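# A structural walkthrough
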Amino acid sequence: MSWNHPIIYFCVLLIVQIIMAEEKLNLDNEEWKNYKTEFNKTYENENDEVERYKIYLDNKKMVEEHNAKFAKGEVTYEMGINQFSDRKPEENSCCGLRLDKKKGTNKE
C-alpha cells in the first residue's frame, strides 16, 4: 500500500484531528490559566474543569466570530470574554428569569 491509499490518508487525518482536539483541552494552557486567575475561578474536580473549559472555548469562538463581523461593520457592538464565559446556560439566568429566545420575552 502507498500513502495515496484513501484509508491510510483518512487514518492519518483522523489521528491529527484527535491530537489537535486534545491540545485544545490542555488545562495548562496559559490563556485558560490567566482566565481562571483574573476571575478567581476554581472547579470541583478535573471533570468539572474540562467541562467549563469546553464552554469557555465555545464562547471564545462565538466572541471571535462576532468580533470579526464587528470589524467588517456587520454588527454595531463588540463582545468580549468575561467572568461568565465558563458558565452553563442554566447558570445564566438572573432572579429566576431567563430570556425566551423564540419570543424575545422574559419567562419565569
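The structure this text deals with has already been given above.
Overview of the structure. (Residues numbered from 1 in each chain as written. Predicted model: local features only at pLDDT ≥ 70, side-chain atom pairs only at ≥ 80, totals over all residues. Heavy atoms only, no water.)

We now examine the side chain of lysine 41. Inspection of the secondary structure assignment puts lysine 41 in the loop between helix 2 (30–38) and helix 3 (46–71). Engagement of the side chain of lysine 41 in a polar contact is seen with the side chain of aspartate 86, the distance being 3.0 Å. For lysine 41, the residues in contact, after removing those within four places along its chain, are Tyr35, Lys36, Gln83 and Asp86. (Helix = DSSP H or I, 4+ residues; strand = E, 2+ residues; numbered from the N terminus. Polar contact = N/O pair within 3.5 Å; in protein donor to acceptor, adjacent residues only side chain to side chain. Contact = heavy atoms within 4.5 Å.)

Let us look at the pattern of salt bridges. Using the criterion set out here, one finds 8 salt bridges in the structure. Between arginine 52 and aspartate 48 there is a salt bridge whose closest N-O contact spans 3.4 Å. Here the residue arginine 52 and the residue aspartate 48 both occupy positions in helix 3, the gap between them amounting to 4 residues, near one helical turn. The class for arginine 52 is buried, based on a relative accessible area of 11%. Residue arginine 52 pairs with glutamate 91 through a salt bridge whose shortest N-O separation is 2.8 Å. Here arginine 52 is found in helix 3, whereas its partner glutamate 91 is found in the loop between helix 3 and strand 1 (98–100), with 39 residues between them in sequence. Within this structure, Glu31, Lys60 and Glu64 form a network of salt bridges that share partners. (Salt bridge = Lys/Arg side-chain N within 4 Å of Asp/Glu carboxyl O. Buried < 20%, exposed > 50% of the residue type's maximum accessible area, 1.4 Å probe, protein only.)

Next up on the list: helix 3. With 26 residues, helix 3 should cover 38 Å at 1.5 Å per step; its first-to-last C-alpha distance of 36 Å lies within 8% of that length. The positive-phi residue at the C-terminal boundary of helix 3 is glycine 73, with phi of around 80°. (Expected span 1.5 Å × (residues − 1).)

What follows is about the nonpolar core. Core analysis: the largest hydrophobic core is formed by 6 residues, namely Leu27, Trp32, Tyr35, Tyr43, Tyr53 and Tyr56. Those elements giving two or more residues to this core turn out to be helix 2 and helix 3. (Core = buried A, V, L, I, M, F, W, Y, C linked by side-chain atoms within 4.5 Å.)

Moving on to the packing of helix 2 against helix 3. Viewed as axis vectors pointing N to C, helix 2 and helix 3 meet at an angle of 100°, and their least axial separation amounts to 12 Å. Relative to helix 3, the element helix 2 is oriented roughly perpendicular. Within the contact between the two elements, helix 2 uses Glu31, Trp32, Tyr35 and Lys36 and helix 3 uses Glu49, Arg52, Tyr53, Tyr56 and Lys60. When grouped by side-chain class, the residues that make up the contact of helix 2 with helix 3 number 4 nonpolar, no polar and 5 charged. (Axes fitted to C-alpha atoms, helices over the stretch in contact; angles between N-to-C directions. Parallel < 35°, antiparallel > 145°, perpendicular 65-115°, else oblique. Nonpolar A, V, L, I, M, F, W, Y, C, P; charged D, E, K, R; others polar.)

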